[in-house]
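Here is how the chains run, residue by residue.
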Amino acid sequence: MTTGSTIEVTLNPKRMSADERARVMQNLGFGRVFTEHMVTIRHTAETGWEKGSLVPYAPLTLDPAASVLHYGQAIFEGFKAYRQPDGGIATFRPESNARRFATSATRLAMPPLPVERFVEASDALIRLERDWVPSGPGESLYVRPLMLATEAALGVRPSKEYLFLLFGSPSGAYFAQGVKPVSVWLCTDFVRATPGGTGAAKCAGNYAASLLAQQKAIEAGCQQVVWLDALEHRYVEEMGGMNLFFVYERGGRVTLVTPALNGALLAGITRDSILALAGELGYQVEERRFATDEWEKDVASGALTEVFACGTAAVITPVGQVKFDGGSWLIHGGEPGPVSSRIRDTLMAIQYGHAPDKHGWMHRVL
Ligand SMILES: *Cc1c(COP(=O)(O)O)cnc(C)c1O
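For clarity, every value in this text was computed on a predicted model and none was experimentally measured. Every chain is numbered independently, its residues counted from 1 as its sequence is written. Only residues with pLDDT of at least 70 get local features here, since the model is predicted, and only at 80 or more are side-chain atom pairs given and counted; chain-wide, interface and lining totals rely on the full set of residues. The basis for the side-chain values is all heavy atoms of the structure; hydrogens and waters are excluded.

### Focus on the overall build of the protein
Here is step 1 of the chain: Secondary structure counts use DSSP, requiring at least four H or I residues in a row for a helix and at least two E residues in a row for a strand, with both numbered from the N terminus. Regarding its fold elements, the protein presents eight helices and 20 strands.
Here is step 2 of the chain: Based on C-alpha atoms, the radius of gyration is set beside the globule rule, defined as 2.2 Å times the residue count to the power 0.38. Scaling as 2.2 N^0.38, a compact globule of 366 residues should have a C-alpha radius of gyration of about 21 Å, and the protein matches this with 21 Å.
Here is step 3 of the chain: Each residue gets one of three labels from its accessible area relative to the maximum for its type: buried under 20%, exposed over 50%, partly exposed in between, using a 1.4 Å probe on protein chains only. Counting all 366 residues of the protein, 51% fall into the buried class.
Here is step 4 of the chain: The long-range share in the protein, meaning contacts at least 24 apart out of those at least 6 apart in sequence, stands at 72%.
Here is step 5 of the chain: Here, Shrake-Rupley sampling with a 1.4 Å probe gives the accessible areas, and only protein chains in the shown set may cover a residue. For the protein, the accessible area works out to roughly 16,100 Å², and carbon and sulfur atoms hold 54% of it.
Here is step 6 of the chain: A positive count includes Lys and Arg, and a negative count includes Asp and Glu. His and the chain ends are not counted in either. Where a charge lies is defined by one atom per residue type, namely NZ (Lys), CZ (Arg), CG (Asp) and CD (Glu). Where the 35 positive side-chain charges of the protein centre and where its 38 negative ones centre are 2 Å apart. Residue contacts follow a heavy-atom distance rule, with two residues in contact if any of their heavy atoms lie within 4.5 Å.

### Structural notes on the packing of helix 6 (residues 269–278) against helix 8 (residues 338–351)
Here is step 1 of the chain: Lines fitted to the C-alpha atoms define the axes, with helices restricted to the stretch that makes contact. Angles between their N-to-C directions range from 0 to 180 degrees. Running from amino to carboxyl end, helix 6 crosses helix 8 at an angle of 105 degrees, the nearest separation of the two axes being 11 Å. Taken as axis vectors, helix 6 and helix 8 run roughly perpendicular relative to one another. On helix 8, the residues that touch Thr270, Ser273, Ile274 and Leu277 of helix 6 are Ile343, Thr346, Leu347 and Ile350.
Here is step 2 of the chain: Each residue gets one label: Ala, Val, Leu, Ile, Met, Phe, Trp, Tyr, Cys and Pro are nonpolar, Asp, Glu, Lys and Arg are charged, and the others, such as Gly, are polar. The class makeup of the residues in the contact of helix 6 with helix 8 is five nonpolar, three polar and no charged. Reported orientations rely on four angle classes, namely roughly parallel under 35 degrees, roughly antiparallel over 145, roughly perpendicular from 65 to 115, and oblique for the rest.

### Things to note about the site of the ligand
Here is step 1 of the chain: One heavy atom within 4 Å of a molecule or strand makes the whole residue count as near it. Near the ligand, the surroundings consist of 14 residues, among which Lys202, Tyr207, Glu238, Thr270 and Thr312 are the closest.
Here is step 2 of the chain: Within the side chain of Thr270, an N or O atom sits 2.6 Å from an oxygen atom of the ligand.
Here is step 3 of the chain: Contacts described as polar in this section are N or O atom pairs within 3.5 Å, which, within protein, must combine one atom able to donate a hydrogen with one able to accept it, while residues neighboring in sequence count only if both atoms come from side chains. In the environment of the ligand, an oxygen atom lies 2.6 Å from a nitrogen or oxygen atom belonging to the side chain of Thr312.
Here is step 4 of the chain: Only strand 14 (242–250) and helix 6 provide two or more residues apiece to the shell around the ligand.
Here is step 5 of the chain: Residues of the shell around the ligand, tallied by class, amount to four nonpolar, six polar and four charged.

### Describing the packing of aromatic side chains
Here is step 1 of the chain: Two rings belonging to Phe, Tyr or Trp (six-membered ring only in the last case) form a pair when the distance between their centres is within 6.5 Å. Interplanar angles under 30 degrees mark stacking, angles over 60 mark edge-to-face geometry, and anything in between is tilted. Scanning all chains against the criterion turns up 17 aromatic pairs.
Here is step 2 of the chain: Following the ring pairs from residue to residue traces out a cluster consisting of Phe246, Phe290, Trp295, Phe324 and Trp329.
Here is step 3 of the chain: Charges are assigned to positions over rings by a cutoff of 6 Å between ring centre and Lys NZ or Arg CZ, combined with an angular limit of 35 degrees from the ring normal. Here the guanidinium or amino end of Arg21 rests over the ring plane of Trp132, the centre of that ring lying 5.9 Å away.
Here is step 4 of the chain: Sitting over the face of the ring of Tyr235, Arg289 holds its NZ or CZ atom 4.0 Å from the ring centroid.

### A look at the pairing of strand 14
Here is step 1 of the chain: With respect to burial, strand 14 is a largely interior element, seven of its nine residues being buried.
Here is step 2 of the chain: Paired strands are those between which DSSP finds at least two bridges. As defined by bridge partners, strand 13 (residues 236–239) adjoins strand 14 across two bridges and the pair is classed as antiparallel. Within strand 14, the position partnered with Met239 by the bridge is Met242.
Here is step 3 of the chain: Counted between consecutive antiparallel strands, the loop separating strand 13 from strand 14 contains two residues, among which Gly240 sits at a positive phi close to 50 degrees.

### A closer look at the side chain of Glu238
Here is step 1 of the chain: Inspection of the secondary structure assignment puts Glu238 in strand 13.
Here is step 2 of the chain: By relative accessible area, which is 3% here, Glu238 ends up buried.
Here is step 3 of the chain: At 2.9 Å, the side chain of Glu238 and the side chain of Arg192 are in polar contact.
Here is step 4 of the chain: Excluding residues within four positions of it along the chain, Glu238 makes contact with Arg192, Val225, Val226, Trp227, Asn243, Leu244, Ala264, Leu265 and Leu266.

### Concerning the domain arrangement of the protein
Here is step 1 of the chain: Note: domain ranges come from an automatic or database domain assignment. Assigned domains of the protein: these are domain 1 (2–171) and domain 2 (182–351).
Here is step 2 of the chain: With centres defined by C-alpha atoms, the gap from domain 1 to domain 2 works out at 28 Å.
Here is step 3 of the chain: Summed over both sides, the interface between domain 1 and domain 2 buries roughly 1,700 Å², with carbon and sulfur atoms accounting for 60% of that surface.
Here is step 4 of the chain: Once two parts are put together, the accessible area they lose, assessed with a 1.4 Å probe and summed over both, is termed the buried area. Contact with domain 2 buries surface across domain 1, with Phe76, Phe92 and Arg100 losing the most and accounting together for 35% of the total.
Here is step 5 of the chain: By definition, a salt bridge exists where a carboxyl oxygen of Asp or Glu is found within 4 Å of a side-chain nitrogen of Lys or Arg. The interface formed by domain 1 and domain 2 holds one salt bridge in total.
Here is step 6 of the chain: When the shortest N-O distance is used, the salt bridge between Arg93 and Asp272 registers 2.9 Å.

This is how it looks when you write it as structure tokens:
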């Protein structure tokens, strides 16, 4: 059996019954339940990208000398498939993720997977696993592509063999109990990314390097870390794995300020979508450097009315409180504000097919 041109299918002999699946999908959360199949595509220096396979989801066999385990050539992506009002399924901007995946690969000296192969893999998985795309409000199938270096060789150089994988994870509504702002820790002792480093690549190592700071933020009573620039610890870069927006209101005019892409930030597709929607919502946008002292001063004066983070998993997460070594301040009384709620509703209406897709972002799969 084949789907499309280059992916061969081997069905999982132990697929769940509809009843079992319904039971598993009752309490989804995020990233705990996985599809019953996955796409694999091998790349070798001799063959290039080989024919892809859709195979039963299963543990990998890796040589202990596989270079990913030692030198960390590993990248990933994340985007979502949404159930549409007519029962069909569409993914949100998968080509943008495919392009970013290729950029990440190039930064880590890995072979870029062609955009069409990436999208074909996602479409093939979703068509086979259509019953794993949930249909409740705020629910979706999170799609996780990744690539790792598999050559067994301890010399420090780019691997000559790679494995691309793609699977899905049905996920529940992120804020099932209503949107709750997070508290953030301004981190001055660790950095996420440096000029010339890998901050703009979605690579596993960036996350490994972030976990100790995340742990310290939790010890300090915060849910998330806000990363500052590596050189001065003064300019805001990101929040955990999300981009940040600062909302200004002056005489009824709303301006969204977001840190400019400087090579250390990850260029979020949600960030890009919000910048594209802002005009239609009557908001002005500024992409520039944004300092923590500006943040504190402008919240105190009342000019800065809301702060929110954005990313695929939660779409929009308001920031309610900022803590640092020496104090803290609240934003919008610690409550979600109207601008972040409106942007969230606008974006989700497009994703779930309740509003017209004027930007051509939705990729129909079924
Ligand atoms: C993935 C990611 C984001 C958000 O990107 P989206 O495309 O909007 O999901 C932001 N920052 C970091 C560090 C990320 O890894």
